[in-house]
Every structure is written in structure tokens, then in C-alpha cells.
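Next come the chains, spelled out residue by residue.
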Amino acid sequence: MFFPACESLANENPRVRAEIERIDQRLKSFNRDVLIVPSDLSPFVDIAVEQLADILDLLAERGLLKTEEMLRCQHCHTLIPAGVYKQAMERGEEVDCTSCDNTVDLDDESIISVFRFTTTAWQYMTKESLNVANEAVGDTVQGNYESEHTTLPSVFNQNDFKIHLALSGGGLRATLFHLGVLRFLKQVGHLHRVSTICSVSGGSIAAAHFIKHWTDYRDGSDGLFTRTAEKLIKGAAQYGIRERIDFCPLNPNRRFTQLHNCYVKGLSDDQADSKLEDVVNSPEFHILGTNFATGCLVAFSRNGVTQYESQKDGTLKQVEEPDKVSKHFGLWRAVACSSAFPPMFPPHLIPPNDYSPGNTRNLTVGDGGVYDNLGIRLVEHLTSPVSKTASELFIVSDAGQPFRGAPASESSFMWFTDRLVRASDVQFYRLADADMRWFKTKRPDTPDTRNCKILTINIGDFIDPALPENLNVDIQKLVCRIRTDLDTFRDEEIHALIWHGWELARNQWVKSIGLPICSVTKIDWLPTGKTITEDQLQPALEKSSARRWRIFWPLVRLSLKVVAIAVALTVLWFGSWGMYRHWFPLQTRTQSFSRATSTIGDFPPTGQRASSFVRGFRQGLPQNSEDFFVDVETPFVTSEIALSVSSQDGSPSIVRSWAFTQSHEMTEPESIHWIDDGQGPKVARRGNWKPRTRIRIAFAVTNASVEKLEAQVKFTPR
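Residues numbered from 1 in each chain as written. Predicted model: local features only at pLDDT ≥ 70, side-chain atom pairs only at ≥ 80, totals over all residues. Heavy atoms only, no water.

Q: I'd like to hear about the overall build of the chain, residue by residue, with values.
A: Check the secondary structure of the chain and you find 20 helices and 23 strands. Looking at the 718 residues of the chain, the share that counts as buried comes to 46%. Pairs at least 24 residues apart make up 75% of the contacts formed inside the chain by residues separated by at least 6 positions. (Helix = DSSP H or I, 4+ residues; strand = E, 2+ residues; numbered from the N terminus. Buried < 20%, exposed > 50% of the residue type's maximum accessible area, 1.4 Å probe, protein only. Contact = heavy atoms within 4.5 Å.)

Structure (C-alpha cells):
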């Protein structure tokens, strides 16, 4: 057996030798600081809880284990040292759980006995046991397996050990998945080692919240971590970002403003955007976007806005030093740039005054996933050259859409949209795969770089659920098919994504690092405060793979807007027309002329017709009558023309009047017939004279003493 204490106990109790062997095999995979709870260990060794507790008590008598009293919270099942709670029981005070903040019922059933390895436990290991540990760790133990460095292989230098995080894009699905990875690092005690975070799109939402509340995530208690993470969940996954954005095609730039406002209102504590330079006490961060004009990579960091261009060998080269003005750029504005998915959001136009006053070109920044959806190229640039002394762990959390096969039928890609989407999927998949292979060539696991490790946590990977706490494979397959958008996520989707991220992080940590840390067997956190079983997860996740396009309601909203605009324009038109008719019912043209101009001339260009008109006009008139004329143009579509003549030196008497028109399109004049009802001006009604129609009105008066006449022509709109 692995532990001599287990071997001696089995020899003394041959009846339970098989049970002790199973316990020994399980204990050797535990970390030295693990808390061993009989009720939790019982399913893994297939031993009744009472019998298992008795065996562990016997091992404690042999110095392998020691017993401690812990208090188990009835709400979140967190184990907490019972000493302080016993004192509270004696004083009759209420005590809140440090993890879920619920009041713990202080009774005898809440206090349980747990076991922990003693400080001298590892001294009982035989030479054969050391060889077994050798194989488990993957490096020479040399008798110091009991040291505090056993949480990582000995190739890592505990003092210089750093973690570099690359958080991929993938909408809010990526945000929740990365939160599960962060929770794992917190649970195993290595979150404080994160020194660099590069994020893209949905990963930038999580990264911005991480760095903004880094002290709460890193140094806070489990309860503070839970409360801070719940702000991220409520402000992003449950905020309904897409429902708050108007996707009207008439004003696409408004969508980006709405996206930015959603991040500020949902995720900022003070409802205001923070400056990049104000984010302190956090790891080095880089929120990545793509310059749509030049194709460069754009990074928003504490130093400001920086652009990088790709070299022939795939590495990046900084284009220019960031200007100090760009340090004032908003953090959530940068996140909006990084997550502006091209089909839905246009790239954000950043004027030179916001990033580099000496520049003359605007910066058009869109989704960072267009350039590098994993964010690993900038990580490689920032950590070059490879250190031969400091230990570095690169964690690539990939929550992008896994590439899935499609049915090979004739109707699979009949529509051009299906072909375009499929071609884009293939290109993005090949690009991400090529980037990952390139990154591994830059950070190889060779004797010279044994202090570099890469952990790839891919949402499309599946874990054989050897532990009962792991999600079954069917649920894991459904998790990786959850939509990648900014829609509202249900509680089941939130739980599944965070759990899956946590489990994959744990699995890859064990496989890549090589140290069995099976002591951390389950996530100690309920993301939404609710207990959700696998029976509830599966039916809920089966509907999550379908993207919620919500075609009906957007069309209804758009139709209502169109109807409202049409009604407003109609009211405006008829209202303004009615006011115009009320205030300006007639348009008056007044022309004064003397008898010297009282000869009817030709009306161009039809002089012959005008001459005949003049001759006809003079026939039958009294000898003392005089003829006059006035030329006018209709100012608008006219339905009625009224003629009235007056004089200051006498009252003229109109004995006959005639009019004819010639518009700009007409080649022949058109006669107009007057109506003389004897009650007012002579009126001609037609109903549709076009604007700018030329009209010549001729009339004769019998008062020969009139020297000067004033003719008034009034136009009535149709």
C-alpha cells in the first residue's frame, strides 16, 4: 500500500483489508491540506459512512491523520472551523456563513468531525511509495514530498511562478465559462499568481470585471468572491443586453452607444465609465480589438491604446508608442469595441483626440475576435523572450464555438447565407487551430523550457465523469452548444457554463501539471444561489442550442415605428396644410400699370395665336373702351384664379376679360374661361394649374378717364 499506516491497519484487521486498500488508493491522490469528510469520501470508496469514519479514526491513532471539528453550512455546505462558532453558541449570537452570508443554525448536528493529514504523515512513506509519487508528479521528489511546494511540479519556482491568462471570445457564454476557470484558480489558491490577462470579445466582459474588482476576487473571502461574481452575472448574463439594443438598420451607430451604455449601467458600480489609467491593483490587462481600416491588432491597457501589426513569422510588432491621452479612454468603451460583433455592430469610430492628438486618421475598432479570437498572439509578444529562470503557466480559456460537422445533403447549403456562414465557420476554426499550434511552437515543452506549461481549457472537450460531481457527458455536449450571443441566460445555463469551466480547468490542471489534486473534487459555489440538479439541467439545455433570434418582436417594434412615423408625417402634412389654408387662404399678385402700357403684345413663342386672340378680343367692344393686360405665374398648384381691377381716379367698368396660359412644357397657349356672377371679381376655376404656369389676362374698361389701373390676381390652392 501507499501509506505504511494503512498497511499495518490492514494486517491487524484482515476482514476489512479490501476497504482499507480502497481508502489507501484514494488518500494517496489527495493534497496534504485537504479536508477529508467521511460523508463526502464514502461514495468514492464504496464504504458506509459509519464504517469509513471508524477506519479513519484508527488511522488517526496511528499518526497518519488528525481530527478537527468543522461547521457545515446548511445552505451552501461550506466547511468552516467550528471554534469561533462554538463561542457564538455560548453567547447566543447569530453567525453568518462567510461563503453565502446566510445565517447558520448553530446546533450539534451542524458540527461534524473531519480529518486532515498530519505534518509527519509523509514521513511514513516507504521507498516504493516515493517511486509511486515520483510517477504521479513527473519529476524527482528526493524525499521532500512533504514540502509546501507539492501543489506544483518541482520544475516551477515557487517565488517566480506566474500565470498568464488568455480569455477567448464567445459572447456571454464565454464570460460565464471564464468565470468558472477563475473560480477554480481561486479555490486552489493560485489566483494571486495571475500577472497578465489578454481578452477578446465576450472574454473582455469578464476580464474588465475581474480587473475592476481584482482585490475582491483575489484576496476576499469566499463570500466576497461570491457577491462580486453575482454582480457580473446579474449585470451581464441576466441584464438582457440584446433586448435593450435597437437593431433598426436606419441608425447602426446608435447600437454601439447602446451596447456601451448597457455595460456601464449593468456592470459599473457608480454607473459611470472608468478610465483605463484608473484601473489599479490588478494584473497587467489588454482588452483586444481589431482595426478595420488597417487590419492591425488594437490593445486597450493601463498605458493607453496601442496598435500591433503582424510580422512574417507570425509575431507582433508595436506600431507606435501609446499617447498619454489614450489613458483617459473608458474601460467599458474599450470592452464595447472588443465585443462589437461585426454582423450586429459597426466598428466604433475613435477620433484622434481620444487616442493620439498628433494623428490625422480616425481609429475604427471592432470585434477583437476578427484578428485573434484566443488572444494568444499578444500573450506571446508580451512574454517574449522565453525566461529560463522564471516559471510561467499559460492558461488559454477557449469558449469559442466548436466546429461541428454538418449533414452532407444536397439541400444543406442551398441558400447563399448558409454557405457564407459555413465558410466563415471553417475559416475561424482553421485560424484558431493554426494560432494554437503556432503558440505551442513558441512555448515548447523542451528541456530548456521545462518551466513553461500551456493549459488549454476548451469548452468543446468532454470529461469522463469518474467523479459523481462531474456533469455527465450528455450535459457537457449540450453546454458547448449554448448560443454565443448577448441574450439573457437562464439559471440552468449559468450553472452549467460555470461548472463546466471549473471542471475542465481542474481536469486540464491535473493532466498538464501532473500533480493529482483530487482533493478539490467539486466547485464550492452556487452561482445563482439555487440548487440545480442534472435532471433539471438537461431539458433546459436542450433548448439553449437554438439561437433566440426573436424575429417576431423586432419586426413588430419596427412596424410600430414605421406606422408611428407615417402617422406623424400625415398629421404634420395635413396640419401644416390646414394652417397654411387658414392663415394664407389666397396668394395675391398685384401689378400696377398705366395706359401707356395698355397694348397687348405677343405671348411668346406663339405670336400668331396671340395676334388672332387680340383681334378676337377687340371685336364687339364699345368705341370708348380701352384694353389692358397683366402677366402672372401660378406660385403653386392652383384651383381658382380671381381678377379684380381698381383705380384711384375713377371706377373702371370691365366689359370683357379673357385669359390664356402657357406653361414651360406647353408649345400652344390654352384659353381660360371666366365666370362673371356680378357679385365680385371675375373668377376662373380649373383645379389643377401646375406651379409656374404663365398666364396672360386681358380686359377692357369703358372709363376712358382712368389714367392708372391696379390689377389684383388671387390664387387659391387646390
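Structure shown, so let's carry the discussion forward.
Q: So, helix H1 (residues 4-12): which residues are in play, and what are the values?
A: Buried within H1 we find Ala 5, Cys 6, Leu 9 and Ala 10. The arc that holds the buried residues of H1, viewed along the axis, is 130°, so those residues lie on one side. For H1, the elements touching its buried residues are helix H2 (17-27) and helix H4 (49-61). (Arc of directions from axis to C-beta.)

Q: Before we move on, could you go through the environment of Val 104 and cite the residues and values that matter?
A: Checked against the element boundaries, Val 104 lands in strand S4 (residues 103-104). Along the sequence, Val 104 and Leu 71 sit 33 residues apart, while their C-alpha atoms lie 9.0 Å from each other.

Q: Tell me about the nonpolar core, and name the residues and values.
A: Soluble globular proteins: nonpolar side chains tend toward being buried together. The biggest cluster of nonpolar side chains holds 88 residues, and the ones touching the most others in it are Tyr 263, Phe 300 and Ile 395. Residues in contact with Ile 395, not counting those within four places in the same chain, are Ile 163, His 164, Leu 165, Ala 166, Val 181, Leu 185, Leu 455, Ile 457 and Trp 509. Counting 23 residues, the second-largest nonpolar core is a separate cluster that includes Phe 3, Cys 6, Ala 10 and Phe 117. (Core = buried A, V, L, I, M, F, W, Y, C linked by side-chain atoms within 4.5 Å.)

Q: Mind laying out the side chain of Asp 398, listing which residues take part and the relevant values?
A: Tracing the backbone through its elements, the reader meets Asp 398 in strand S14 (residues 392-398). For the buried Asp 398, no salt bridge is present, and the opposite-charge side chain at shortest range is Arg 173, 7.1 Å distant. Discounting residues that sit within four places of it in the chain, Asp 398 has contacts with Ser 168, Phe 177, Leu 374, Ile 457, Asn 458 and Ile 459. (Lys, Arg positive; Asp, Glu negative; His and termini not counted. Salt bridge = Lys/Arg side-chain N within 4 Å of Asp/Glu carboxyl O.)

Q: Before we move on, can you summarise unusual backbone geometry with the specific residues and values?
A: Following Ser 384, the chain continues to Pro 385 via a peptide bond in cis, the omega torsion being -5°. Residue placement: Pro 385 occurs in the loop between helix H14 (376-382) and S14. The backbone of Ser 201 shows a phi angle near 50°, a positive value even though the residue is not glycine. Locating Ser 201 in the fold gives a position in the loop between strand S7 (194-200) and helix H8 (202-212). Classification of Ser 201 as buried rests on a relative accessible area of 9%.

Q: Please provide a residue-by-residue account of the environment of Arg 255, values included.
A: Structurally, Arg 255 can be placed in helix H11 (residues 253-267). Sequence separation of Arg 255 and Ile 245 is 10 residues, and the distance between their C-alpha atoms is 6.1 Å.

Q: Explain the pairing of strand S13 (residues 363-367) to me, using residue names and the numbers behind them.
A: Of all five residues that make up S13, five are buried, and the element is covered over most of its length. Where strand S8 (residues 284-291) and S13 come together, three bridges link them in antiparallel fashion. Among the inter-strand pairings, Gly 289 is bridged to a residue of S13, identified as Asp 367. (Pairing = 2+ DSSP bridges.)

Q: Explain a nonpolar patch on the surface to me, using residue names and the numbers behind them.
A: A cluster of nonpolar side chains, namely Phe 403, Val 426 and Tyr 429, defines an oily patch on the protein surface of about 240 Å² accessible area. Residue position: Tyr 429 is located in helix H15 (residues 416-442). Of the residues examined, Tyr 429 reaches a relative accessible area of 40% and is grouped as partly exposed. (Patch = residues over 30% accessible without salt bridge, like charges linked within 9 Å, V, L, I, M, F, W, Y side chains within 5 Å. Areas by Shrake-Rupley, 256 points an atom, 1.4 Å probe, with all protein chains shown as cover.)

Q: Help me get a handle on the side chain of Asp 367, residues and values and all.
A: Mapping Asp 367 onto the fold places it in strand S13. Separated by 3.0 Å, the side chain of Asp 367 and the backbone nitrogen of Gly 369 make a polar contact. With residues near it in sequence (within four places) discarded, Asp 367 still touches Val 200, Ser 201, Gly 289, Thr 290, Phe 292, Cys 337, Ser 338, Ser 339, Ala 340, Phe 341 and Pro 342. (Polar contact = N/O pair within 3.5 Å; in protein donor to acceptor, adjacent residues only side chain to side chain.)

Q: Give a description of the packing of H1 against H4 that names residues and reports values.
A: Where H1 contacts H4, the two axes come as close as 10 Å, and the packing angle between them is 115°. Once H1 is placed against H4, the crossing between them reads as right-handed. Residue-level inspection shows Ala 5, Cys 6 and Leu 9 of H1 in contact with H4, the latter providing Ile 55, Leu 58 and Leu 59. Residues belonging to the contact of H1 with H4 are distributed by class as follows: six nonpolar, no polar and no charged. (Axes fitted to C-alpha atoms, helices over the stretch in contact; angles between N-to-C directions. Left-handed = near helix turned anticlockwise from the far one by under 90°. Nonpolar A, V, L, I, M, F, W, Y, C, P; charged D, E, K, R; others polar.)

Q: I'd like to hear about the packing of H2 against helix H3 (residues 38-45), residue by residue, with values.
A: At a closest axis distance of 10 Å, the pairing of H2 and H3 adopts a crossing angle of 110°. Classed by the angle they form, the pair H2 and H3 counts as roughly perpendicular. Contact with H2, carried on its side by Arg 22, Ile 23 and Arg 26, involves Leu 41, Phe 44 and Val 45 of H3 and no other residues of that element. Split into classes, the residues belonging to the contact of H2 with H3 amount to four nonpolar, no polar and two charged. (Parallel < 35°, antiparallel > 145°, perpendicular 65-115°, else oblique.)

Q: Which residues make up helix H12 (residues 331-338), and what values go with them?
A: Note on helix geometry: an α-helix contains 3.6 residues per turn, so any two residues three or four positions apart are oriented the same way. In terms of burial, H12 is a largely internal element, eight of the eight residues being buried. Residues of H12 that are buried: Leu 331, Trp 332, Arg 333, Ala 334, Val 335, Ala 336, Cys 337 and Ser 338.

Q: Tell me about the packing of aromatic side chains, residues and numbers included.
A: For the structure shown, the criterion picks out eight aromatic pairs. Taking the centre distance of 5.6 Å and the plane angle of 85° together, the rings of Phe 394 and Phe 439 count as edge-to-face. With a gap of 45 residues between them, Phe 394 in strand S14 and Phe 439 in helix H15 connect regions that are remote in the sequence. Pair check on accessibility: Phe 394 and Phe 439 agree, each one buried. Members of the aromatic cluster, each reached through a chain of ring pairs, are Phe 184, Trp 502 and Trp 509. Seen from the ring of Trp 438, Arg 377 lies directly overhead, with NZ or CZ sitting 4.4 Å from the centre. Across from the ring centre of Phe 489, 4.5 Å away, lies the NZ or CZ of Arg 483, which sits over that ring. (Phe/Tyr/Trp six-rings, centres within 6.5 Å; stacked < 30°, edge-to-face > 60°. Lys NZ or Arg CZ within 6 Å of the ring centre and 35° of its normal.)

Q: How would you summarise the pattern of salt bridges if you had to cite specific residues and measurements?
A: In the structure shown here, the tally under the stated rule is 16 salt bridges. A salt bridge links Arg 377 to Asp 435; the nearest nitrogen and oxygen atoms lie 2.8 Å apart. Pair noted here: Arg 377 is in helix H14 and Asp 435 is in helix H15, with a separation of 58 residues, a long-range link. Judged on exposure class, the residue Arg 377 and its partner Asp 435 are both buried. A salt bridge links Glu 640 to Arg 685; the nearest nitrogen and oxygen atoms lie 3.0 Å apart.

Q: Please set out the environment of Ala 48 residue by residue, giving values where relevant.
A: Inspection of the secondary structure assignment puts Ala 48 in the loop between H3 and H4. Note: C-alpha distance between Ala 48 and Pro 38 (10 residues apart in sequence) is 8.9 Å.

Q: Before we move on, could you go through the confidence of the model for the chain and cite the residues and values that matter?
A: Close inspection of predicted coordinates is inappropriate for parts of the model with low pLDDT. Mean pLDDT for the chain: 76, with 71% of residues reaching 70 or above. Every residue in residues 122-159 scores below 50 in pLDDT, and together they form 70 contacts with partners more than four places removed in sequence or on other chains. Confidence drops under pLDDT 50 across residues 595-613; counting only partners more than four residues distant or on other chains, this segment forms 43 contacts. (pLDDT = per-residue confidence, 0-100.)

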